[in-house]
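# A structural walkthrough
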Amino acid sequence: VMIGPSSSHTAGAARLARTAAMLVDAPFRHVSFGLHGSFAKTYRGHGTDRALVAGVLGMRADDERLRDSFAAAKERGLTFDFHEQELEGLHDNSVAMQFRLEDGTTRAIAGSSIGGGQIVIRRIGGLEVELTLQTPTLVITQLDQPGVVSDITKVLAGHGINIGVMKVSRVARGRTAICVIETDSPPAAAVVQEISRCRHVCSVQAINPDQ
């Protein structure tokens, strides 16, 4: 169920941007959208621009306000821009989003709409990831140190949470890493807090695709 015209260029775009805003998890005042491939060529005709703005405002793909997202952004004081950007190695329907936060810092997230409204987040900052949000997902920023992943999985096992998929990427040995864990059931807030207290864990985000 979606606001048309396209599952990949409209619904997928809205879901991509909404997920990116959830990952940023901080107030922002401007978003710059770097459009790649087909997104860059047809974004006005397919409503990709309005869908992306709707997504960062928290609207779902079936929200009837999607078509009026530009006006909604103006009401909230959110500014935005669109430009063409080459994103090497990414799907033809991809976008790089740079969020300017209220504290003046920026956060960058890139992802792809792969058809049927399905998405993949490919980059968070300078790290390569693969985040599909088909199931409840934990996104954990950590230091690349021995024992961190083991500590995290022990917490999940202790609460009876089964891991479906787990992938870790890092900038370099001993530096910042991101651990993406897909689980069979949504971790409770207490579980997220317990993981956040593990050694060398910097931040934890729990994202439920049904939220």
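Presented here is a report on the structure given in the accompanying data block. (Residues numbered from 1 in each chain as written. Predicted model: local features only at pLDDT ≥ 70, side-chain atom pairs only at ≥ 80, totals over all residues. Heavy atoms only, no water.)

### What to know about the overall build of the protein chain
Regarding its fold elements, the protein chain presents six helices and 10 strands. Whereas a compact globule of 211 residues would reach a radius of gyration of roughly 17 Å, the protein chain reaches 17 Å, a difference of no more than 12%. In terms of overall dimensions, the protein chain has a C-alpha envelope of 50 × 35 × 30 Å along the principal axes. Evaluated residue by residue, the protein chain yields a buried proportion of 48% over its 211 residues. Long-range pairs, those at least 24 residues apart, make up 67% of the contacts in the protein chain with a sequence separation of at least 6. Surface summary for the protein chain: the accessible area is close to 10,200 Å², and the carbon and sulfur share equals 47%. Distance between charge centroids for the protein chain: 4 Å, based on 22 positive and 22 negative side chains. (Helix = DSSP H or I, 4+ residues; strand = E, 2+ residues; numbered from the N terminus. Rg over C-alpha atoms; globule rule 2.2 N^0.38 Å. Buried < 20%, exposed > 50% of the residue type's maximum accessible area, 1.4 Å probe, protein only. Contact = heavy atoms within 4.5 Å. Areas by Shrake-Rupley, 256 points an atom, 1.4 Å probe, with all protein chains shown as cover. Lys, Arg positive; Asp, Glu negative; His and termini not counted. Charge placed at Lys NZ, Arg CZ, Asp CG, Glu CD.)

### Regarding the sheet that holds strand E6 (residues 127–131)
Spatially, the six strands line up as an open sheet ordered E2-E1-E3-E4-E5-E6, and their pairing is mixed. One side of each edge strand has no neighbouring strand; the edge strands of this open sheet are strand E2 (79–84) and E6. Going from strand to strand, the sheet's axes swing by 20° on average, the running direction of each strand aside. Two elements, strand E1 (residues 28–37) and strand E3 (residues 93–101), share nine bridges in a ladder whose sense is antiparallel. Across the sheet, Phe 33 pairs through a bridge with Met 97, a residue of E3. The strands touched by helix H3 (residues 48–56) within the sheet are E1, E2 and E3, with E1 carrying the most contacts at an inclination of about 140°. (Pairing = 2+ DSSP bridges. Axes fitted to C-alpha atoms, helices over the stretch in contact; angles between N-to-C directions.)

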